[in-house]
Amino acid sequence: MGGTYTIKALIDADTICYAVAAVCEEESKNICLDTLHSSVTDLLFALPECETTLFYLSGADNFRKTNYSWYKANREGKERPKHLTACKRFLENEYKATWSKNQEADDDIGIEVFRDPSATCLIVHVDKDLDQFPGLHYNCRKKEFYEVTEDQAKKWFIHQLVLGDRSDNITGFDGIMRKEYVKKHQYIKDTIEQEDDWMENLRFVWDLYNHHERADMFHDNADCLWLLKEPDKNWKSLAIQI
């Protein structure tokens, strides 16, 4: 993909830093930062020439962790790559990366995507969570561009509610975390894909939770899975009635 476009590149820098720091665990900090610089240079070369390029990092505070003790609790006690903080500071200093406050980098990206509907954004990431945002995406691990429609973005959130998220310790409708649909639940996926009304899909999934006596977890899980599209508008603040 080449050429010049009047678009903004919104880059999830968390995963870039983590990937480089993990690979360079046994290397010196200088070698690690050189590797990061080369990785970012290669990434920017792979993108179309953009009017603006913004890097996003997650800060220490996150309302999800504050409100839900189980959120990402599966990561507690695990050592982070030793150069991870240095990598993040490097992007802050060299590429003006910004840090999120009481939320995640993904939320900051979503707010920017929806801030100006007339703007065209290119969302650069490897995390499927960001498929909640419609528009042009670039998977920097697979080196693939792809489009997400508004309908696909809305339905991906619904699918996340069904499946849960193993990496973030979020259980699905039946208390189990799955990466994809198992055969016996194919009907759930098909039902969601065939229904165009978002509220009907939400009610369908709420019924699944309720059937498994987990209705009390529906909005908690949604609050953790929902990525912000407006400042301070987490799921529960939307007060959606199912």
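See above for the structure.
Remember, predicted model here, so these are calculated numbers, not experimental data.

S.K.: Would you explain the overall build of the protein in this entry?
M.R.: Helix and strand content of the protein: ten helices and six strands. In terms of overall size, the protein behaves like a compact globule, its C-alpha atoms giving a radius of gyration of 19 Å where 242 residues would be expected to give roughly 18 Å. Overall size of the protein, expressed as C-alpha extent along the three principal axes, is 55 × 45 × 35 Å. Considering only residue pairs separated by 6 or more positions, the protein has 65% of its internal contacts joining residues 24 or more positions apart. With 31 positive and 44 negative side-chain charges, the protein shows a spacing of 3 Å between the two charge centroids.

S.K.: What is the right way to read the environment of Ala-153 from this model?
M.R.: By the secondary structure assignment, Ala-153 is in helix H6 (residues 150-163). What makes Ala-153 buried here is its relative accessible area of 4%. Taking C-alpha positions, Ala-153 is 16 Å from Glu-200, a pair spaced 47 residues apart along the chain. Not counting residues up to four positions away in its chain, the partners in contact with Ala-153 are Asp-131, Gln-132, Phe-133, Pro-134 and Val-148.

S.K.: It is not clear to me how the side chain of Asp-129 should be interpreted in this structure. Could you clarify?
M.R.: Looking at where Asp-129 falls in the secondary structure, it is placed in the loop between strand E4 (120-125) and strand E5 (135-139). Buried and without a salt bridge, Asp-129 has Arg-75 as its closest oppositely charged side chain, separated by 7.1 Å. A polar side-chain atom of Asp-129 sits 3.0 Å from a polar atom in the side chain of Gln-160.

S.K.: Whenever I open this one, the pattern of salt bridges confuses me. Can you help?
M.R.: Side-chain pairs of opposite charge can arise whenever the charged atoms involved come near each other. This structure, assessed with the given rule, holds 13 salt bridges. For the salt bridge of Arg-178 with Asp-174, the shortest nitrogen-to-oxygen distance reads 3.0 Å. By the burial criterion, Arg-178 is buried, and Asp-174 matches it. A salt bridge links Glu-200 to Arg-203; the nearest nitrogen and oxygen atoms lie 2.8 Å apart. Here the residue Glu-200 and the residue Arg-203 both occupy positions in helix H8 (residues 198-211), the gap between them amounting to three residues, near one helical turn. For Glu-200, a relative accessible area of 37% puts it in the partly exposed group.

S.K.: Would you mind showing me how to read the sheet that holds strand E1 (residues 7-12) here?
M.R.: Neighbouring strands of a sheet are bound in pairs by backbone hydrogen bonds; such pairs are parallel or else antiparallel. Read across the sheet, six strands follow the order E3-E2-E1-E4-E5-E6 without closing on themselves; strand pairing throughout is mixed. Strands at the two margins of the open sheet, each flanked by one partner only, are strand E3 (98-99) and strand E6 (144-148). Judged from the four bridges that link them, E4 and E5 form a sheet pairing that is parallel. Opposite Ile-123, over in E5, you have His-137 as the bridge partner. Against the sheet, helix H5 (residues 105-115) touches E1, strand E2 (52-57), E3 and E4, its axis set at about 165° to E1.

S.K.: I keep staring at helix H2 (residues 29-46) and nothing clicks. Help me out?
M.R.: The end-to-end C-alpha distance of H2, which contains 18 residues, comes to 26 Å, matching closely the 26 Å that a straight helix rising 1.5 Å per residue would cover. For H2, the complete set of buried residues consists of Cys-32, Leu-33, Leu-36, Val-40 and Leu-43. Buried residues in H2, looked at end-on, bunch into an arc of 95°, giving them a common side. Of the residues in H2, the exposed ones pointing more than 90 degrees away from the buried face are Asn-30, Asp-34, Asp-42 and Phe-45. The inward-facing, buried residues of H2 contact E1, helix H1 (13-23), E2, helix H4 (84-95), E4 and E5.

S.K.: How do you make sense of empty space enclosed by the protein when you look at a structure like this?
M.R.: A probe as big as a water molecule, rolled over the atoms, marks out the empty space that is left. In total, this model carries one cavity of 30 Å³ or more according to the counting rule given. Approximately 60 Å³ is the volume found for the largest cavity. Lining of the largest cavity is provided by 13 residues; of these, Asp-129, Asp-168, Cys-224, Leu-225 and Leu-227 occupy positions nearest its centre.

S.K.: Could you clarify how one ought to interpret the packing of aromatic side chains in this entry?
M.R.: Under the definition given, this model contains twelve aromatic pairs. Look at Phe-157 and Trp-226: their rings are 5.1 Å apart centre to centre, the planes differ by 80°, and that puts the pair in the edge-to-face class. Highlighted residues: Phe-157 in helix H6 and Trp-226 in the loop between helix H9 (215-225) and helix H10 (235-238), separated in sequence by 69 residues. On the basis of relative accessibility, which here comes to 12%, the residue Trp-226 falls in the buried class. Plain terms: the ring middles of Trp-198 and Trp-226 are 6.1 Å apart, the flat faces sit at 45° to each other, and that makes the pair tilted.

Calculation notes
- Residues numbered from 1 in each chain as written.
- Predicted model: local features only at pLDDT ≥ 70, side-chain atom pairs only at ≥ 80, totals over all residues.
- Heavy atoms only, no water.
- Helix = DSSP H or I, 4+ residues; strand = E, 2+ residues; numbered from the N terminus.
- Rg over C-alpha atoms; globule rule 2.2 N^0.38 Å.
- Contact = heavy atoms within 4.5 Å.
- Lys, Arg positive; Asp, Glu negative; His and termini not counted.
- Charge placed at Lys NZ, Arg CZ, Asp CG, Glu CD.
- Buried < 20%, exposed > 50% of the residue type's maximum accessible area, 1.4 Å probe, protein only.
- Salt bridge = Lys/Arg side-chain N within 4 Å of Asp/Glu carboxyl O.
- Polar contact = N/O pair within 3.5 Å; in protein donor to acceptor, adjacent residues only side chain to side chain.
- Pairing = 2+ DSSP bridges.
- Axes fitted to C-alpha atoms, helices over the stretch in contact; angles between N-to-C directions.
- Expected span 1.5 Å × (residues − 1).
- Arc of directions from axis to C-beta.
- 1 Å grid on protein atoms, 1.4 Å probe; cavity = no way out; pocket = protein on both sides within 12 Å on 5 of 7 lines; lining within 4 Å.
- Points joined across faces, edges and corners; volume = space filled by probe spheres on them.
- Phe/Tyr/Trp six-rings, centres within 6.5 Å; stacked < 30°, edge-to-face > 60°.

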